[in-house]
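As a plain string of letters, each chain reads:
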Amino acid sequence: MNALYDGSFYGFLTALKYALKNSQIISISKTPVLVDNIAIKTEYDDKWISEKSDYIYQNLRILYLSEKKDFENLALSYIRHLSLRDFKDKGNILDQYVCEVERIKKQFFSEIHRFKGFTRFSKIDENTYLAIISPSNNIIEFLLKHFEKRMQENFMIYDEKRKILGIKKDRKTKIINDIEINYIADEKENEIRKLWKSFFKEIEIVERRNKSLQLKKVPLKYRKNIIEFNDKI
């Protein structure tokens, strides 16, 4: 039997909670699969797991935000395995499920670290900046917190892949889902971009150019929104 949830984080947690109580549940998904499907009504409760282990709760949250293919069923195997040990075996990386969750978590935070350096802001008015990103994971909440501590100005970070907008304005932050942003840089911003690209080119030591290392440090999939690597900007 497959547990259908509404796609939300709380729906995901509710499905996991239900599956722990019902051994007939063999999978969890947002869409029907080729077995009997049962729709799970979302409960806005996370205490059943957060009070047992905040560490496991945070790992489940990262799994959800990673949006990895079939993450729901990895989470199901992970939580069932740990429940048999009263949630005390969470650090045993020799276990296949624990190891896989830790691997995804490492990738998740590695991408956050990369985007702390990859995120490029454009000035859209006298006191507001905009950055457009397209990460593999849903990391906008973490980036919003990072730049909130470092920028006095108002700013927005737009995840064009997920159509999510993070806003920091007057020391307050919020996230808006399902929103379209169409930004076209004005003449002044384009001049600034040209100057930045010119500076980037001038400081390069041609004799020490290492394209393979550059690709490793700045993969092609991220370059679209990085000014100095995008010829269309």
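Note that the structure is a prediction, hence the values are computed from the model and not measured.

Asks: Where do I start with the overall build of the chain in this structure?
Replies: Of regular secondary structure, the chain possesses eight helices and eight strands. For the chain, the C-alpha atoms occupy an extent of roughly 60 × 40 × 35 Å along the three principal directions. For the chain, the proportion of its 233 residues judged to be buried stands at 43%. The contacts of the chain with a sequence gap of at least 6 include a subset with a gap of at least 24, amounting to 64%. Carbon and sulfur atoms make up 51% of the accessible area of the chain, which amounts to about 14,600 Å² in all.

Asks: Just checking my understanding: could you explain the sheet that holds strand β6 (residues 154-159) for this structure?
Replies: Either a parallel or an antiparallel arrangement is found when strands of a sheet pair, and the pairing is made through backbone hydrogen bonds. Taken in spatial order, the five strands line up as β4-β5-β6-β7-β8 in an open sheet, and their pairing is mixed. Only two strands of the sheet have a single neighbouring strand rather than two, namely β4 (121-125) and β8 (172-176). If you compare each strand with its neighbour and ignore which way they point, the axes differ by 20 degrees on average. With five bridges connecting them, β6 and strand β7 (residues 164-169) associate as antiparallel partners. What sits directly across from F155, in β7, is K168.

Asks: Help me understand the nonpolar core in this model?
Replies: The nonpolar side chains of soluble globular proteins are, as a tendency, buried together. Judged by nonpolar contacts, the single largest core of 51 residues is most densely connected at F12, L16 and L60. Secondary-structure elements contributing two or more residues to this core are α1 (9-21), α2 (47-50), α3 (54-66), α4 (71-83), α5 (96-118), β5 (128-133), α6 (140-148) and β6. Setting aside chain neighbours within four positions, we find F12 in contact with Y5, L60, Y64, F71, E72 and A75. Counting residues in hydrophobic clusters, the runner-up holds five residues, among them L130, M156, Y158 and I167.

Asks: I keep staring at α5 and nothing clicks. Help me out?
Replies: Two residues of an α-helix separated by three or four positions point the same way, owing to the 3.6 residues in each turn. Taking 1.5 Å per residue as the helical rise, α5 with its 23 residues ought to reach 33 Å, and the 32 Å between its terminal C-alpha atoms agrees with that figure. For α5, the full list of buried residues reads V98, V101, E102, I104, K105, F108, E111, I112, F115 and F118. Elements in contact with the buried residues of α5: α3, α4, β5, α6 and α8 (211-217). With a side-chain oxygen lying 3.0 Å from the backbone nitrogen of Y97, the N-terminal cap of α5 falls on D95.

Asks: Looking at this model, I keep getting lost on a nonpolar patch on the surface. Mind explaining?
Replies: A cluster of nonpolar residues, I26, V33 and V35, forms a patch on the protein surface that exposes about 240 Å² of accessible area. Residue V35 is classed as partly exposed on the basis of its relative accessible area of 37%.

Asks: I tried to follow the pairing of β7 on my own but got confused; where do I start?
Replies: Side chains on a regular strand alternate between the two faces of the sheet. Within β7, five of the six residues are buried, leaving the element largely enclosed by the surrounding structure. Between the antiparallel neighbours β6 and β7 lie four residues, among them K163 with a positive phi of about 60 degrees. Inspection of the sheet shows β7 paired to β8 by five bridges, in the antiparallel sense. Looking at the pairing, L165 lines up with I176 of β8. The loop that links β7 with its antiparallel partner β8 comprises two residues; one of these, D170, has a positive phi angle of about 50 degrees.

Cut-offs applied
Residues numbered from 1 in each chain as written. Predicted model: local features only at pLDDT ≥ 70, side-chain atom pairs only at ≥ 80, totals over all residues. Heavy atoms only, no water. Helix = DSSP H or I, 4+ residues; strand = E, 2+ residues; numbered from the N terminus. Buried < 20%, exposed > 50% of the residue type's maximum accessible area, 1.4 Å probe, protein only. Contact = heavy atoms within 4.5 Å. Areas by Shrake-Rupley, 256 points an atom, 1.4 Å probe, with all protein chains shown as cover. Pairing = 2+ DSSP bridges. Axes fitted to C-alpha atoms, helices over the stretch in contact; angles between N-to-C directions. Core = buried A, V, L, I, M, F, W, Y, C linked by side-chain atoms within 4.5 Å. Expected span 1.5 Å × (residues − 1). Polar contact = N/O pair within 3.5 Å; in protein donor to acceptor, adjacent residues only side chain to side chain. Patch = residues over 30% accessible without salt bridge, like charges linked within 9 Å, V, L, I, M, F, W, Y side chains within 5 Å. Salt bridge = Lys/Arg side-chain N within 4 Å of Asp/Glu carboxyl O.

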